[in-house]
Amino acid sequence: MENKLKQMVILASDAIKKCKTINELMDVKALYLGKKSEFNTIMQDLKGLSDEEKPRIGKMVNEAKQAISALIEERKNHIDREKIDALLKEQTIDITLPGKKIAIGHKHILTKTIEEIEDIFVGLGYTIKEGPEIESDKYNFEMLNLPKDHPAREMQDSFYITEETLLRTHTSPVQVRSLLANTNQEPLKIICPGVVYRKDDDDQTHSHQFMQIEALVVDEKATLADLKGTLLLVAKKLFGENREIRLRPSYFPFTEPSVEVDVSCFKCNGIGCSMCKQTGWIEILGAGMVNNNVLKAAGYDTDKYQGFALGMGIERIAMLKYGIEDIRHLYTNDLRFNSQF
Ligand SMILES: [Zn+2]
């Protein structure tokens, strides 16, 4: 019996050493320690032994089983370790490989231009106001001195949604909303940046969707001279300290008088080049004193209050500043274009 047990431990030990996987090991465990193992047969046989023999053989059986259990446990740890080692080897990081360069994104040129213009005006004490892009005819036209059938409406070909609703053609309705909201009629100093829409055919210089920034000042003594001072400062900030401006008479329904504003050409310094069409001047925006009809429509006492307004196309400013020749580049999101700025 003693020899038989020793033999079993040797056989089990050999079988355990050959196991390469946990599954194989579990099969061996079942074979030697399971319910149908030879140890169980031996335990059955114990019944036939004398009372002195029983505890001695029983102890030997237990010791043999413990020895096999220990071997199985040891093998299991070994297999686990090998598995981890193999994984580590497979997943080793080669720290000598050169790294991949991750390109860092940046703001779109239009966003940068808007923020630059906003910064100039915020520095002058203006507040930024925004409003809806789907606007009523009343705010977009009527309250801006553009009643229905006014011929000047044709200056702004519009996308109507219903007879009374349209995609705003300018950010001026934000001015109207701000005037109406200012029920105490305190001095107002705001800029309104945003997307606007016109029924234009897209080409090099036109887009059915573009962006504007308008500025509006209303108080008891805002004058054309204040407007001119503001325009000169903005032109210098945007296009360089040596810039000059000139005002030409123009017409907008919501301002009276109205002006077109030119900046002295920053490419040729006024001598004349292809950019300024040999004139030395480049048109950058429209402006004027707020038409009394606009102030009256918003409930302002025009004997007491007056104001000035200006509006510029952000794309035009960006195109001039950065030498972009086609407005469509600003909207097609070609990374080869976008990453240049
Ligand atoms: Zn020029």
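Residues numbered from 1 in each chain as written. Predicted model: local features only at pLDDT ≥ 70, side-chain atom pairs only at ≥ 80, totals over all residues. Heavy atoms only, no water.

Asker: When you look at the overall build of the chain in this model, what are you seeing that I'm missing?
Answerer: The number of helices and strands found in the chain is 12 helices and nine strands. In terms of overall dimensions, the chain is more spread out than a globule: its C-alpha atoms have a radius of gyration of 43 Å, far above the 20 Å expected for 341 residues. Across the 341 residues that make up the chain, the buried fraction comes to 41%. In the chain, the proportion of contacts linking residues at least 24 apart, taken out of those at least 6 apart, comes to 66%. Carbon and sulfur atoms form 52% of the exposed surface of the chain, whose accessible area is close to 20100 Å². Averaging the locations of the 46 positively and 52 negatively charged side chains of the chain gives two centres separated by 8 Å. (Helix = DSSP H or I, 4+ residues; strand = E, 2+ residues; numbered from the N terminus. Rg over C-alpha atoms; globule rule 2.2 N^0.38 Å. Buried < 20%, exposed > 50% of the residue type's maximum accessible area, 1.4 Å probe, protein only. Contact = heavy atoms within 4.5 Å. Areas by Shrake-Rupley, 256 points an atom, 1.4 Å probe, with all protein chains shown as cover. Lys, Arg positive; Asp, Glu negative; His and termini not counted. Charge placed at Lys NZ, Arg CZ, Asp CG, Glu CD.)

Asker: What am I meant to see in the coordination of the zinc ion here?
Answerer: Six octahedral donors at a metal ideally form angles of 90 or 180 degrees, and four tetrahedral donors ideally form angles of 109.5 degrees. Distances from the zinc ion to its protein donors, C265 (SG), C268 (SG), C273 (SG) and C276 (SG), fall at 2.2 to 2.3 Å. If you look at the zinc ion, its four donor atoms make angles of 104 to 115° with each other, and the shape they trace is tetrahedral. We note that the donor set of the zinc ion lies within a single chain, spaced as C-x2-C-x4-C-x2-C. C273 matches C265 in its accessibility class, with the two residues each being buried. (Donors = N, O, S within 2.8 Å, 3.2 Å for Na, K, Ca; no water. Tetrahedral: all angles 85-135°; square planar, octahedral: opposite > 155°, others 65-115°.)

Asker: How should the side chain of S37 be read in this particular structure?
Answerer: Relative to the assigned elements, S37 resides in the loop between α2 (22-33) and α3 (38-46). Of the polar contacts made by the side chain of S37, one reaches the backbone oxygen of G34; its length is 3.0 Å. (Polar contact = N/O pair within 3.5 Å; in protein donor to acceptor, adjacent residues only side chain to side chain.)

Asker: What is the right way to read the packing of aromatic side chains from this model?
Answerer: Think of a pair of aromatic rings as described by two things: how far the centres are apart, and how the planes are tilted against each other in angle. Tallied over the entire structure, the rule returns six aromatic pairs. An aromatic cluster is built from Y322, F337 and F341, whose rings are joined through pairwise contacts. (Phe/Tyr/Trp six-rings, centres within 6.5 Å; stacked < 30°, edge-to-face > 60°.)

Asker: For this particular structure, what's the right way to read the domain arrangement of the chain?
Answerer: By a widespread convention, an interface's size corresponds to the accessible area lost as its parts come together. Segmenting the chain into domains produces domain 1 (2-90) and domain 2 (109-338). The gap between the C-alpha centroids of domain 1 and domain 2 is 90 Å. (Domains from an automatic or database assignment.)

Asker: Help me understand unusual backbone geometry, please; the structure alone is not making it clear to me.
Answerer: As a rule of thumb, non-glycine residues mostly have phi less than zero, and peptide bonds are mostly trans rather than cis. Looking along the chain, the bond that leaves E256 and enters P257 is cis, with omega of 0°. A positive phi is found at D149, a non-glycine position, where the angle reads about 70°. Turning to its location among the elements, D149 is positioned in the loop between α6 (137-140) and β3 (165-167). One non-glycine residue, N269, lies in positive phi territory at about 60°. Structurally, the position occupied by N269 is in the loop between β7 (255-264) and β8 (281-290). Exposure remark for N269: the relative accessible area of 56% places this residue in the exposed category.

Asker: Honestly, the pattern of salt bridges in this entry has me stumped. Any pointers?
Answerer: Here the idea is simple: oppositely charged side chains can pair when their charged atoms come close. If you walk through the whole model with that rule in mind, you get 16 salt bridges. E283 is the salt-bridge partner of R248, the closest N and O atoms lying 3.6 Å from each other. With R248 in strand β6 (residues 245-252) and E283 in strand β8, the pair connects residues that are 35 residues apart, well separated along the chain. Measuring nitrogen to oxygen at the nearest pair gives 2.8 Å for the salt bridge that ties D326 to R328. The exposure class assigned to R328 is partly exposed, which follows from its relative accessible area of 38%. What you see here is one network of salt bridges that share partners, running through D137, E142, K148, R153 and E164. (Salt bridge = Lys/Arg side-chain N within 4 Å of Asp/Glu carboxyl O.)

Asker: Help me out: how do you make sense of a negative patch on the surface in this one?
Answerer: Side chains of E154, D157, D200, D201, D202 and D203 sit close together on the surface and give a patch of like negative charge. Positionally, D157 belongs in the loop between α6 and β3. Given the relative accessible area of 44%, D157 is considered partly exposed. (Patch = residues over 30% accessible without salt bridge, like charges linked within 9 Å, V, L, I, M, F, W, Y side chains within 5 Å.)

Asker: Would you take a moment to explain the sheet that holds strand β9 (residues 306-313) for this structure?
Answerer: Taken in spatial order, the seven strands line up as β1-β4-β5-β9-β8-β7-β6 in an open sheet, and their pairing is mixed. Whereas interior strands pair on both sides, the edge strands pair on one side only; in this sheet they are β1 (127-128) and β6. In this structure, β7 lies alongside β8, joined through eight bridges in antiparallel fashion. Each residue of the ladder has a partner; that of E260, found in β8, is G286. Docked against the sheet, helix α10 (residues 314-322) engages β5 (209-219), β8 and β9, running at close to 150° with respect to β8. (Pairing = 2+ DSSP bridges. Axes fitted to C-alpha atoms, helices over the stretch in contact; angles between N-to-C directions.)

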